[in-house]
Each structure stands twice: as C-alpha cells, then as structure tokens.
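In case you want the letters, here they are:
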Amino acid sequence: MSGVRVPGRQPEPPRPPHVGRQVFERQISEEEAADLRRPAVRRPPEHVAAVFAAIREWEASHPASAPSGYSQAFLWALGKSFTAPSSGRQTSAIPTLADARAEIKHAENNPRRRGESAERQDAARTLEWLIGKSDDIPVPGSTPEAGWGHLVGGRGHLLRSDDQIRAVLERARRGPAHARIEWETDWCSGVVATCEWALGLRAVGPASGRPTSTGGRPFSRNDLVGELAPAEDIGWQNPGPGRRHSAGYGDGILHTIGWLMGSKTQEPVGDDCLPP
C-alpha cells in the first residue's frame, strides 16, 4: 500500500522517469553518422540502370499500374523526383541513407490495408535493394524463367558474378587452416563444393550428387533449389561410418545457395575465411 512503511525496510528513493522501461537507443560512431549523410544508393551504376530499365519495361506492358512504387522509389533515390515514395514528404536534394531508411520505416509502420495498392511496400522493397539491405531484385511481376542474374552481373538465377564466386571460393579453400572446430572446417567444404559447382568446376550438385538439367552450370532455379532439400537431409543423418558428410557441410551448402540466389546478403565466408 502506498504510504505504509514496512518495519525494517527503508523507503525507496524516487525513481527517475525512465526507470522501469528498457531503453534500446544505441550511440552511433562518427563513421556511422557520416555514412547516414551520404547518398542512399549503394549499387553499381550499371546495375541500377539495368534494374530500372527492367521496371520501365514492365510498366510499359502494364500501363494501368504505372508509375509503380518501384519506379517512384528509383526516381526519388536518384534525385529525379522530390516526393518521397512512402511518406509523400517533399525533399530538396538527393536522398541520404538516413532518408531512405526513414522511408522504409514509414512503409513498415503503415502496412497495406484491404483495398489499398502496395505502392508503399513496393517502394520500401526497392529502397532496401538500392541501399544494399536486400539483394532481392526489385522488379514487379514474377521472376522470369531466365532469371534476373544478367541485370546484376550474374546469369540466370545466379545473382553473383563469377568474380564474386571465385573470391568466396578462394577464401573458403583457406578456411580449414583457420578453423577452430570441426564444424567450421565442414562448413567451408560445403562452400567450396557449391562454389565449384556454380563455376562449372564440379559436374554434380554438392548435396544431391546429380548433374544439372542441362549438364552444364546451374543457372536455373530448379537446379539451385533442388540442392536445398538434400543439403537439409545431411544435417539429419545419424553420425556413424555410413555418413557421407557432416551437418556443417550441409549448412555451408544452404547458406551458399541462399547467397548465390540473393536471399542472403552475407557471403558464406568472411574475410577471416570462416563462417559468418
């Protein structure tokens, strides 16, 4: 009860207003603050131009849906429009990273309601790609059978260039020398096998042991996704003499395929040649 003093217990001092709730604010470094003030777009100009052209092509064939949230986000991020694509606020300069993040947050806080268009969400998806938060190619409609890899330096459903894949492969090959536990060694082996397969250095899939549908490199969605279930099965195998691979090997395959297809932005091995 308020105002009643319990014998043997000292009264508590007054609480500051913030006590009793957690505060999650984090102080950012000067470098992070400077980065927030830089232009929002972090993609190579040729990739930006190619993806924007694909959006415009889709809009030309779907005039009732133009301009889409995708193209509005591009025009705003490139400084060709001064109306923010989600909030509708007016800006006067090329948007910064902080501006783009604010628009993404606005779309998250204002989910699509029944009967509304998805322009805010489409714009947010596009901004996430432009700032490098997501690698999902922001083109409206369904992904064509040929994939979008050619827009960003890849091919088919591989969204990574050969140079990117080779760089990861070389680091993964050095990984076992730096590994601290067996799982890290096995992860790197899975990454190596998947990258070699993607580059055409290995004839069969790293988990399934099957050749691709064309007998060549795995550019199709079916070939890439077809390795996921066998890779997951590796993790469920009982340890013993008959086991071909360890769980770490399957985990490395799963992450690498996700990275190759753009569902994961983080490379399967870091600069230290080990799993992220």
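Figured I'd write up the structure that's included with this text. Keep in mind that what you see is a predicted model, and the values were worked out from it rather than measured.

## Overview of helix α4 (residues 97–109)
Part 1 of the argument: Taking 1.5 Å of rise per residue, 13 residues should cover 18 Å, and α4 covers 18 Å from first to last C-alpha, within 8% of that figure.
Part 2 of the argument: Of all the residues in α4, the buried ones are Leu97, Ala100, Glu103, Ile104 and Ala107. The arc enclosing the buried residues of α4, seen along the axis, measures out at 125°, which places them on a common side.
Part 3 of the argument: Its buried side turned inward, α4 meets α1 (30–36), α3 (69–77) and α5 (119–130).

## Looking at α3
For the α-helix, the turn length of 3.6 residues means that residues three or four positions removed from each other point alike.
Part 1 of the argument: Burial of α3 is extensive: eight of the nine residues sit out of reach of the surface.
Part 2 of the argument: Those residues of α3 not exposed but buried are Gly69, Tyr70, Ser71, Ala73, Phe74, Leu75, Trp76 and Ala77.
Part 3 of the argument: As for α3, its buried residues are in contact with α2 (45–61), α4 and α5.
Part 4 of the argument: One or two residues past the end of α3 sits Gly79, with phi positive at roughly 80°.

## A short note on the nonpolar core
Part 1 of the argument: By size, the foremost hydrophobic cluster in this structure holds 27 residues, and its most contacted members are Val51, Phe74, Trp129, Ile137, Val139 and Leu151.
Part 2 of the argument: Listing elements by their share of this core, those giving two or more residues are α2, α3, α4 and α5.
Part 3 of the argument: No other element matches the six residues that α3 contributes to this core.
Part 4 of the argument: Every residue in contact with Val139, bar those within four places of it in the chain, is listed here: Val51, Ala54, Ile55, Tyr70, Arg125, Trp148 and Leu151.
Part 5 of the argument: Within the second largest apolar cluster, 26 residues are counted, among which are Val168, Val191, Leu199 and Ala207.

## Thoughts on unusual backbone geometry
Part 1 of the argument: Ala66 connects to Pro67 through a cis peptide bond whose omega is -5°.
Part 2 of the argument: Mapped onto the elements of the fold, Pro67 is located in the loop between α2 and α3.
Part 3 of the argument: Of note, Cys273 is a non-glycine position whose phi angle comes to about 70°, a positive value.
Part 4 of the argument: Note that Cys273 resides in the segment after α10 (247–261).
Part 5 of the argument: Taking relative accessible area as the criterion, Cys273 reaches 5% and is therefore assigned buried.

## A short note on the pattern of salt bridges
Part 1 of the argument: Under the definition given, this model contains 16 salt bridges.
Part 2 of the argument: Where Asp99 meets Arg89, a salt bridge forms, and the shortest distance between an N and an O atom there is 3.5 Å. With Asp99 in helix α4 and Arg89 in the loop between α3 and α4, the pair connects residues that are 10 residues apart, well separated along the chain.
Part 3 of the argument: You can call Arg89 partly exposed: its relative accessible area is 32%.
Part 4 of the argument: Here Glu267 makes a salt bridge to Arg171, at a shortest N to O gap of 2.3 Å.

The rules behind each value
- Residues numbered from 1 in each chain as written.
- Predicted model: local features only at pLDDT ≥ 70, side-chain atom pairs only at ≥ 80, totals over all residues.
- Heavy atoms only, no water.
- Helix = DSSP H or I, 4+ residues; strand = E, 2+ residues; numbered from the N terminus.
- Expected span 1.5 Å × (residues − 1).
- Buried < 20%, exposed > 50% of the residue type's maximum accessible area, 1.4 Å probe, protein only.
- Arc of directions from axis to C-beta.
- Contact = heavy atoms within 4.5 Å.
- Core = buried A, V, L, I, M, F, W, Y, C linked by side-chain atoms within 4.5 Å.
- Salt bridge = Lys/Arg side-chain N within 4 Å of Asp/Glu carboxyl O.

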